[in-house]
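# Architecture at a glance
Residue strings, one per chain:
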Amino acid sequence: MYRAGWIHYTNVAPILDDLVLPAGVNAVTGVPTQMNAALLSGEVDIANISAVEFIRNADQLAALPDFSVAVLGSVYSVNLFHSVPWEDLKRVALTAQSATSVALLEVLLRESGLSPSLERAEGTAQELLAAGYDGVLRIGDSALREWYGVVGPLTETTSMTALPHHKGGVTVTDLAQKWFELTGHPFVFAVWAYRQSAPPPAELLQAMRVARRHGIGHLEEVAQRHAQRLGLPERVVQHYLWNFRYHLEAPDRLGLNEFAAKVAPNHPPLVFGPALPGD
Ligand SMILES: C=C(O[C@@H]1C=C(C(=O)O)C=C[C@H]1O)C(=O)O
């Protein structure tokens, strides 16, 4: 049996919702830090893991050459919620679910010449700000919901990027947007990585490509389904989804390489495979 481990945030719904696993493949789901650990321990063979863990473990892992969770500019679901200006951050709570976004936050703080204390703590942004943190890092679906709670409502004529970033003493800083301002590149949050010793069967890759083509082709339906589940307006979820870059294209690789150079300058060379049919 070949084992897959899926981080099942809404941002991968256009790839995973319609995926029909071929015979001989099964899948479990979990949050990024769980799936990162499961891949490295050999509990699963392939997973859409945190890009930073792929970079740090490039000697053991390879990534599919044409799959990513990347974005150019705002991502909406990787946010620092803060009650003081960015420059005045002193004590920041980090979600235990994330690896890449924590590393991205560290890079962005360092580039700003800041070194607040960073502590793992679970809870909503509101709860943690009330508990005395002046910044709270949140990712995934709950971060998207909390982002909308601060910046919404969205009217028919407003663009999502033009929404105000402050309300009730809380500012939201979108980390992918800040990365774009710093580098001009997309940011790659996740890649589909496998242990080099356990490459995926061709049928699984084929099924993933078919599922992605179908999901992106039916984005309105995917967005409707998830908007209901998340309790968010359909337009918000639709924009959230079509904003992602799912194909690890040349600009995404530039962003990934730049992040790798900043976060782990001595990392082993990144390996991509197996080759696409026809390569
Ligand atoms: C864009 C996101 O990216 C996720 C963030 C991850 C991390 O911070 O380690 C891991 C996988 C990604 O799918 C998100 O959670 O909203």
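The present account deals with the structure reproduced in this document. (Residues numbered from 1 in each chain as written. Predicted model: local features only at pLDDT ≥ 70, side-chain atom pairs only at ≥ 80, totals over all residues. Heavy atoms only, no water.)

## Quick word on helix H6 (residues 140-151)
Its 12 residues place the ends of H6 16 Å apart at the C-alpha level, agreeing with the 16 Å of an ideal helix rising 1.5 Å per residue. In terms of burial, H6 is a largely internal element, 9 of the 12 residues being buried. All of the buried residues along H6 are Gly140, Asp141, Ala143, Leu144, Glu146, Trp147, Tyr148, Val150 and Val151. (Helix = DSSP H or I, 4+ residues; strand = E, 2+ residues; numbered from the N terminus. Expected span 1.5 Å × (residues − 1). Buried < 20%, exposed > 50% of the residue type's maximum accessible area, 1.4 Å probe, protein only.)

## Regarding unusual backbone geometry
Cis rather than trans, the peptide bond between glycine 152 and proline 153 has omega equal to -5 degrees. For proline 153, the location among the structural elements is in the loop between H6 and strand S9 (166-167). Geometrically, the link from glycine 273 to proline 274 is a cis peptide bond, its omega value of -20 degrees lying close to zero. Along the chain, proline 274 turns up in the segment after helix H11 (250-263). The residue tyrosine 76 is not glycine, and still its phi comes out positive at about 80 degrees. You can see tyrosine 76 is positioned in the loop between strand S4 (61-71) and strand S5 (78-82). Even without a glycine there, the phi angle at leucine 248 is positive, about 45 degrees. Checked against the element boundaries, leucine 248 lands in the loop between strand S12 (244-245) and H11.

## Digging into the sheet that holds strand S2 (residues 25-30)
The strand order S2-S1-S3-S11-S4-S12 describes an open sheet built from 6 strands, whose pairing is mixed. Edge positions in the sheet fall to S2 and S12, since each has one partner strand and no second. (Pairing = 2+ DSSP bridges.)

## Considering helix H7 (residues 175-183)
Those residues of H7 that fall on the buried side of the exposure criterion are Leu175, Ala176, Trp179 and Thr183. The arc that holds the buried residues of H7, viewed along the axis, is 100 degrees, so those residues lie on one side. Here H7 starts with a cap whose side-chain oxygen sits 3.1 Å from the backbone nitrogen of alanine 176, and that cap is aspartate 174. Where H7 terminates, the next one or two residues include glycine 184, which has phi positive at roughly 75 degrees. (Arc of directions from axis to C-beta. Polar contact = N/O pair within 3.5 Å; in protein donor to acceptor, adjacent residues only side chain to side chain.)

## A short note on the pairing of S5
Among the 5 residues of S5, 5 are classified as buried, and the element is accordingly described as predominantly covered. In S5, alternate side chains face the same way, and those of Val78, Leu80 and His82 on one face and Asn79 and Phe81 on the other are all buried. With 5 bridges connecting them, S5 and strand S8 (residues 135-139) associate as antiparallel partners. Within S8, the position partnered with histidine 82 by the bridge is glycine 135. Bridge count between S5 and strand S10 (residues 170-174): 4 bridges; the pairing is antiparallel. Counterpart to phenylalanine 81 in the pairing with S10 is valine 172.

## Remarks on the packing of aromatic side chains
Enumeration according to the criterion identifies 10 aromatic pairs in this entry. When the centroid spacing of 5.6 Å and the interplanar angle of 55 degrees are considered together, the rings of phenylalanine 67 and tryptophan 192 count as tilted. Remark: tryptophan 192 occurs in strand S11 (residues 187-195) and phenylalanine 67 occurs in strand S4; sequence separation between them is 125 residues. Like phenylalanine 67, the residue tryptophan 192 is buried in the burial classification. The ring of phenylalanine 272 is capped by arginine 253, whose NZ or CZ atom sits 4.3 Å from the centre of that ring. (Phe/Tyr/Trp six-rings, centres within 6.5 Å; stacked < 30°, edge-to-face > 60°. Lys NZ or Arg CZ within 6 Å of the ring centre and 35° of its normal.)

## Quick notes on the sheet that holds S10
Reading across the sheet, the 6 strands line up as S7-S6-S8-S5-S10-S9 and stay open at both edges, with mixed pairing between neighbours. A strand with exactly one partner marks an edge of an open sheet, and here the two such strands are strand S7 (117-120) and S9. Across the sheet, helix H4 (residues 100-111) is in contact with S5, strand S6 (91-94), S7 and S8; its angle to S8 comes to roughly 140 degrees. (Contact = heavy atoms within 4.5 Å. Axes fitted to C-alpha atoms, helices over the stretch in contact; angles between N-to-C directions.)

## Structural notes on the pattern of salt bridges
The tally for this structure, following the rule as stated, stands at 13 salt bridges. Two residues, aspartate 45 and arginine 3, come together in a salt bridge whose shortest N-O distance is 3.0 Å. In this pair, aspartate 45 is assigned in the loop between helix H2 (32-41) and strand S3 (46-50) and arginine 3 in strand S1 (residues 2-7), connecting sequence segments 42 residues apart. Assessed through its relative accessible area of 30%, arginine 3 is described here as partly exposed. For aspartate 66, the salt bridge is made with arginine 212, and the minimal N-O distance between the two is 3.5 Å. Of this pair, aspartate 66 sits in strand S4 while arginine 212 sits in helix H8 (residues 202-217); the two residues are 146 residues apart in sequence, bridging distant segments of the chain. On the accessibility criterion, arginine 212 (6% relative accessible area) is buried. (Salt bridge = Lys/Arg side-chain N within 4 Å of Asp/Glu carboxyl O.)

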